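Letter by letter, the chains look like this.
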Amino acid sequence: MIRAIKGTRDIFSPEVEKWQLAERNAREICALYGYTEIRTPIFEATELFARGIGEITDIVTKQMYTFQDGDDRITLRPENTAPVVRAFVENGMDNEPTITKLYYIGPMFRRERPQKGRYRQFSQFGIEVLGTENPAVDAEVIELLMRFIGSTQVLEYRLELNSVGCSIDRPRYTAKLQELLRPQKEKMCADCQDRIERNPLRVLDCKVEADQPIIDALPAIDEFLEEGCKIHFAAVQKYLAMSNITYTRNKRLVRGLDYYTRTAFEVIAGGLGSQNAVAGGGRYDKLVEELGGKPTTGIGFALGLDRLILAMPESAREPGGVKVFIVAMSDAAFDYAYEKIQAPLRQNGIGCEVDYQRRSVKAAMRQADKRGVDWTILVGEDEMKDNAATLKNMKGGEQQRVSINELVEKLK
Ligand code: HAM
């Protein structure tokens, strides 16, 4: 047997109906806030991610699916912010005087160790706003995210918020972190020892128990934020309060991608185990420039749909299309049902299926039950004689004889 590749999986009914509900809500909510869809390629030049996400991030150093294609180095997209910015620049959207609001839904690829909520192919729903620094937009992006999660009936989730500063204050902060951490380096985990030199901010993200006392004693970025960043962050919080959005301030929230400036946030959901971050995002005010565009600020989020689906209750799903199951009790009755019942029901928009397997009536009723249909229609010789059908309500169980001319009306 040929199996699916490790870290990938097949999604089908009944799980797929949860996906359909989530995707439909995502599209509806994006329309409500004025976002239009963008579809970018699944693979891009490797350099886009190396430059966009950062050469020394986990994603770029360890997790990318990269291959040689003739003279080109190509990578399956591990995320979609860099591709969206590439598309924004390439298509000259950075010349427009208006702001650009985009959303996307699609698969991403990261070579991580698979576990519950962590896959090598996973899907994200994300949005990106380009062209404004207005802190109200930061609040709008977060509000859209929270509204979307709420719409999927997930009950337990919380927002964590931070500011990671900008190119003025961050070097001062990271220098301070290095100064404080270097003397204690030997006491820390191997990853942190490396981070202290290469990417000190990421030390704050360390989960190793023994390192926590050292990390807890470090100063928060607040003390280092320059005036502009402070004012911006205060305004983001003001707008969040106006939208009645509650959050916890997590001063250690730094995110795993290097492009972030100022606002950074994550949403954590209950019941997911260790992979409990359902969404993450923030500002990236320098990324467009870094990728060759005109200076343009940006902000967005991406939500992991696989994780969201795990957190959604069973009841949250797109309803099935089939409402009626038709059972024939003889060969002649089957032809009668096929021609005189099934066709008109479908023509009138009533989803139905006729029992092709033709085992026993009992087996057919079990099948109807499993499908979760509202009605079964039974046809035998008697019904045929009367140009009628027996209609059975699957919830209440009551049965009635209905003329086939009245069936559509009755079922509507
Ligand atoms: P990220 O935090 O790397 O951010 O990913 C966002 C979300 O994708 C995570 O919170 C998680 O739910 C989901 N995710 C990530 N890796 C996996 C995986 N291996 N399996 C399942 N789900 C996963 C970004 O990707 C940024 N582009 C977000 C952003 C948009 N920032 C600004 N705009």
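Now for a description of the structure that goes with this document. (Residues numbered from 1 in each chain as written. Predicted model: local features only at pLDDT ≥ 70, side-chain atom pairs only at ≥ 80, totals over all residues. Heavy atoms only, no water.)

### Considering the nonpolar core
Counting 44 residues, the largest nonpolar core has Phe-125 and Phe-148 as its most contacted members. Per-element accounting of this core gives the leading share, 9 residues, to helix H5 (residues 135-151). Once residues within four sequence positions are removed from consideration, Phe-125 is found in contact with Ala-26, Cys-30, Tyr-103, Tyr-104, Ile-105, Leu-144, Phe-148, Phe-301, Ala-302, Leu-303 and Leu-305. By size, the runner-up hydrophobic cluster in this structure holds 31 residues, among which are Met-64, Val-85, Leu-257 and Tyr-260. (Core = buried A, V, L, I, M, F, W, Y, C linked by side-chain atoms within 4.5 Å. Buried < 20%, exposed > 50% of the residue type's maximum accessible area, 1.4 Å probe, protein only. Helix = DSSP H or I, 4+ residues; strand = E, 2+ residues; numbered from the N terminus. Contact = heavy atoms within 4.5 Å.)

### Quick word on the sheet that holds strand S16 (residues 399-403)
Spatially, S13-S12-S14-S15-S16 is the arrangement adopted by the 5 strands of the open sheet, whose pairing is mixed. Bordering the open sheet on either side are strand S13 (352-354) and S16, each of which pairs with just one other strand. With strand direction ignored, the average angle separating the axes of adjacent strands in the sheet is 25°. Note: strand S12 (residues 324-328) against S13, 3 bridges, orientation parallel. Pairing of Ile-326 across the sheet is with Val-354, part of S13. Strand contacts of helix H12 (residues 331-347): S12, S13, strand S14 (375-379) and strand S15 (388-393), with the helix running at about 170° to S13, the strand carrying the most contacts. The strands touched by helix H13 (residues 361-371) are S12, S13, S14 and S15; relative to S12, the strand with the most contacts, the crossing angle is about 170°. (Pairing = 2+ DSSP bridges. Axes fitted to C-alpha atoms, helices over the stretch in contact; angles between N-to-C directions.)

### Observations regarding unusual backbone geometry
Following Ser-13, the chain continues to Pro-14 via a peptide bond in cis, the omega torsion being 5°. Inspection of the secondary structure assignment puts Pro-14 in the segment before helix H1 (15-32). In this structure, Arg-255 takes a positive phi of about 70° despite not being glycine. Here Arg-255 lies in the loop between strand S8 (248-249) and strand S9 (261-269). By relative accessible area, which is 12% here, Arg-255 ends up buried. In this structure, Arg-358 is a non-glycine residue whose phi angle is positive, near 50°. In this fold, Arg-358 is placed in the loop between S13 and H13.

### Observations concerning helix H15 (residues 404-411)
Of the positions making up H15, those classed as buried are Ile-404, Leu-407, Val-408 and Leu-411. Down the axis of H15, the buried side of the element spans an arc of 85°, and every buried residue falls inside it. Those residues of H15 that are exposed and angled more than 90 degrees off the buried face are Asn-405 and Glu-409. Where H15 is buried, its residues meet S12, H12, S14, S15 and S16. (Arc of directions from axis to C-beta.)

### Regarding the sheet that holds strand S4 (residues 72-76)
The strand order across the open sheet built from 3 strands is S2-S4-S3, with neighbouring strands paired in antiparallel fashion. In the strand order of this sheet, the two ends are held by strand S2 (43-45) and strand S3 (66-69), each with one partner. Ignoring strand direction, the axes of neighbouring strands in this sheet form an average angle of 40°. Strand direction decides the pairing type here: S3 and S4, joined by 4 bridges, are antiparallel. Across the sheet, residue Gln-68 finds its bridge partner in S4, namely Arg-73. Helix H2 (residues 46-53) rests against S2, S3 and S4 of the sheet, and its axis sits at about 75° to S2.

By themselves these figures say nothing about function.
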